[in-house]
Amino acid sequence: MKKLFSYMKPYRFLAFISPLLMIGEVAADLMLPYLMSFIVNYGITGIDINDSEKGSEIAAAIMEFFHGNDYEAMDIIITFGILMLAVTLVGGFFGVFCAYTAARAAQGFGNDLRCDAFKKVMSLSIQQTDKFTTGSLVTRMTNDITMVTDFMEMLMRMFVRSPMFLIGGTVMLVALDLQFGAILLCAVPVLAVVLAIVLAKAMPMYGLVQKRLDRVNSVVQENVSGARVVKACVKEDYEYNRFKNANGELKNTNYSVLKLMAVITPVLTVIQNFAVIAIIYIGGLNISIEKSGMDTGTVMAAVTYISQVIMSVMMTTNMFQSISRATASGKRIREIIDTEPVIRDGDGNYGENTDTDVMVEMKNVSFMYPETVGRPVLKNISLKIKKGETFAVIGATGCGKTSLVSLIPRFYDTTGGEVYVDGINVKEYKLSELREKMGYVMQKSELFSDTIEGNIRWGKPEASEAEIREAAEAAQAASFIEEFGDGYNTFIAEKGASLSGGQKQRMSIARALLRKPEILILDDSTSALDLVTEARLRASFKQAAAGTTVILIAQRIASVMEADRIAVIESDGSIVSIGTHEELMKSSDTYRDIYASQNKTNGSDGKAGV
């Protein structure tokens, strides 16, 4: 938690003044029973305010200040009633202002912490975000940070209010009569022991509650994002039961915690009532004894003070409960903030580039996904892709095509060998500089809750409307966009749910083309297009992506036939064949097998029958 407290520095003035204001509010609350005792003793029961045994010099001085020496019982009631009202208003002012300053400080703290946590999540590599899981990250960014924010607000208010009521109430109670202090001395330790036992069992369970909440969020997130698959496979009942189990575990864990905490309120009530009965009994005995110095107003004030003291112990319990929950949440937040990205910026001091021919080069590259065992996904791959070249990669499903291109923008780092872009090792680039050179279109298109224009503009925020339309036309997206009622201003649903797979892919391609990147990576990004639309798209690339190095991954031979060169990845993750379509038809058994499975051959001319 210590590191999280550093986020309070910009709000330290508000954090400092809030407890001071709370002191004012508590002091006002502690004054009220004392003033009330004057009304009861001298205004209602008629005790002489100047009596040597039961009178009060303070009360007499106040009355003399306002009324001199000529006043009646009703004057006493009205005067101290007005004073109680004034003290209440002053205490209310302090309370409201304290709530305002504490809320400002706590919400500012929460905002800064959430922004930093989100920024850290964005800086983590794919393998690290996968390790945390989406559901857990959502919980940490929302529920956990809210817990810590609420704790900070409580720290500035209740952490002052409770001890002050405990100490101030005890002092005022003992000042009334030492016998009342003895009652308190008996009541508070019993309550403290019960609270200590309950909290010792409950506190470790709060971390488990958050883990159970992670699981619920993960199940919900998976079902919302995969709703179509669930419906298509008629798995609604199965997913409902999976959610029911996760939610049931959360319920049971919460129930166990609440069952423990439920013991506190009855115990508190019993102890408080016994203490009140003891005060009334002792007070009654003393009142019946002449010259005891005890009176009705004092007993009433004592009842109020002991109730305040015991309630302050209850508030202290809530504080410990809040501490335990905030500590569990704080640890989870720290796990994000303290995690260092596996993929880091290079120093950027790579000097002048002397290579003017090769855009992407791989030297003896091998790759395994983190925390996996077995054979490498990629093995000893060496290749050069020239500037302006259209380079295709093809191979069987699961052979490592996507893994290969993921190494170029450093979504992952190689486990062996080196990758160069424009003659410079990718590890020397700053990540932003490296990725600004590229346009990356994935098979699973990611669109956002925004207009069509807004989604395309992601590729180049400062792009003009003409540039956006030009990119859409090149991606063969203009035709279906113009069919929408609002055209480019049409708002699309989250993840592009209102669009077909082919429409989403073409919008993603338009977004990448708008950047006019040096390297354009198309990772099976035309899989949802028919062959005619794909052919028009390839034709438009020649003009829209002129001079751009295009790296094309595809499953279909028809998608790669016109590439300048084609690399065939074997099932063991190696590349043994690179050439044109005609060359590979002669030299690569793997390429011929893929070709034969997709097309009918006419003799040996190597042309696909489409």
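You'll find the structure just up there.
These remarks concern the structure in this document.

Calculation notes
- Residues numbered from 1 in each chain as written.
- Predicted model: local features only at pLDDT ≥ 70, side-chain atom pairs only at ≥ 80, totals over all residues.
- Heavy atoms only, no water.
- Salt bridge = Lys/Arg side-chain N within 4 Å of Asp/Glu carboxyl O.
- Helix = DSSP H or I, 4+ residues; strand = E, 2+ residues; numbered from the N terminus.
- Buried < 20%, exposed > 50% of the residue type's maximum accessible area, 1.4 Å probe, protein only.
- Contact = heavy atoms within 4.5 Å.
- Polar contact = N/O pair within 3.5 Å; in protein donor to acceptor, adjacent residues only side chain to side chain.
- Patch = residues over 30% accessible without salt bridge, like charges linked within 9 Å, V, L, I, M, F, W, Y side chains within 5 Å.
- Areas by Shrake-Rupley, 256 points an atom, 1.4 Å probe, with all protein chains shown as cover.
- Core = buried A, V, L, I, M, F, W, Y, C linked by side-chain atoms within 4.5 Å.
- Axes fitted to C-alpha atoms, helices over the stretch in contact; angles between N-to-C directions.
- Parallel < 35°, antiparallel > 145°, perpendicular 65-115°, else oblique.
- Left-handed = near helix turned anticlockwise from the far one by under 90°.
- Nonpolar A, V, L, I, M, F, W, Y, C, P; charged D, E, K, R; others polar.
- Phe/Tyr/Trp six-rings, centres within 6.5 Å; stacked < 30°, edge-to-face > 60°.
- Lys NZ or Arg CZ within 6 Å of the ring centre and 35° of its normal.
- Pairing = 2+ DSSP bridges.

1. Quick notes on the pattern of salt bridges
At step 1: A complete count under the given rule lists 21 salt bridges for this structure.
At step 2: Of the charged contacts in the structure, one is a salt bridge between Asp422 and Lys437, with a shortest N-O distance of 3.8 Å. Pair noted here: Asp422 is in the loop between β4 (416–421) and β5 (424–425) and Lys437 is in the loop between α14 (431–436) and β6 (438–441), with a separation of 15 residues, a long-range link.
At step 3: Judged by its relative accessible area of 16%, Lys437 is buried.
At step 4: The residue Glu453 makes a salt bridge to Arg457 at a minimum N-O spacing of 2.5 Å. Taken together, the positions of Glu453 and Arg457, both in helix α15 (residues 452–457) and four residues apart, correspond to about one turn of that helix.
At step 5: Assessed through its relative accessible area of 12%, Glu453 is described here as buried.
At step 6: A cluster of three or more residues bridged by salt bridges with shared partners is formed by Lys387, Asp422, Lys437 and Glu518.

2. A word on the environment of Thr548
At step 1: Tracing the backbone through its elements, the reader meets Thr548 in the loop between α19 (531–544) and β8 (549–553).
At step 2: Between the alpha carbons of Thr548 and Ala563 there is a distance of 13 Å; along the sequence they are 15 residues apart.
At step 3: Here Thr548 is in contact with Gly388, Glu389, Pro517, Glu518, Ile519 and Leu520, once residues within four sequence places are set aside.
At step 4: A polar atom in the side chain of Thr548 sits 3.2 Å from the backbone oxygen of Pro517.

3. What to know about a nonpolar patch on the surface
At step 1: On the surface, Phe16, Leu20 and Ile23 cluster together into a nonpolar patch covering about 290 Å² of accessible area.
At step 2: Summarising the element assignment, Phe16 is placed in helix α2 (residues 12–44).
At step 3: Looking at Phe16, the relative accessible area reads 55%, which means it is exposed.

4. A few points about the nonpolar core
At step 1: Leu173, Ile183, Leu191, Met261, Ile279, Ile306 and Ile310 are the most contacted members of the largest nonpolar core, which has 45 residues in total.
At step 2: Here the element with the most residues in this core is helix α12 (residues 296–337); it accounts for eleven residues.
At step 3: Excluding residues that lie within four positions of it along the chain, Leu191 makes contacts with Val267, Leu268, Ile271, Ile310 and Val313.
At step 4: Core analysis: the second largest hydrophobic core is formed by 44 residues, Val441, Ala472, Leu522 and Val560 among them.

5. Regarding the packing of helix α6 (residues 134–176) against α12
For any two helices packed against each other, the geometry is given by the interaxial angle and the distance between the axes.
At step 1: For the pair α6 and α12, the least separation of the axes is 6 Å and the interaxial angle reads 155°. When the interaxial angle is binned, α6 and α12 end up roughly antiparallel. Considering only the axes of α6 and α12, their crossing is left-handed.
At step 2: Its residues assigned to classes, the contact of α6 with α12 comprises 25 nonpolar, 13 polar and six charged.

6. Some points on the packing of aromatic side chains
At step 1: Overall, the coordinates contain 14 aromatic pairs when judged by the stated rule.
At step 2: Ring geometry for Phe367 against Tyr369: centres 4.8 Å apart, planes inclined by 75°, an arrangement best described as edge-to-face.
At step 3: Judged by its relative accessible area of 1%, Phe367 falls in the buried class.
At step 4: Classification of Tyr369 by relative accessible area gives partly exposed; the value is 28%.
At step 5: Taking the centre distance of 5.3 Å and the plane angle of 45° together, the rings of Phe411 and Tyr440 count as tilted. In this pair, Phe411 is assigned in the loop between α13 (401–406) and β4 and Tyr440 in strand β6, connecting sequence segments 29 residues apart.
At step 6: Overall, the relative accessible area of 19% leaves Phe411 in the buried class.
At step 7: With a relative accessible area of 21%, Tyr440 lands in the partly exposed category.
At step 8: Taken together, the aromatic side chains of Tyr34, Phe38, Tyr42 and Phe80 make up a single cluster linked through ring pairs.
At step 9: Taking NZ or CZ as reference, Lys363 lies 4.7 Å from the ring centre of Tyr420, over its face.

7. Some points on the sheet that holds strand β3 (residues 390–395)
In any sheet, the strands associate via hydrogen bonds between backbone groups, in a parallel or an antiparallel arrangement.
At step 1: In spatial order, the strands read β6-β7-β8-β3-β9-β10; together these six strands make up an open sheet with mixed pairing. At either margin of the open sheet sits one strand with a lone partner, and together these are β6 and β10 (575–579). The average undirected angle you get between the axes of adjacent strands in this sheet is 15°.
At step 2: Across four bridges, the pairing between strand β9 (residues 565–569) and β10 is antiparallel. For Val568, the partnering residue across the bridge sits in β10 and is Ser577.

Geometric descriptors of this kind do not, in isolation, establish any biological role.
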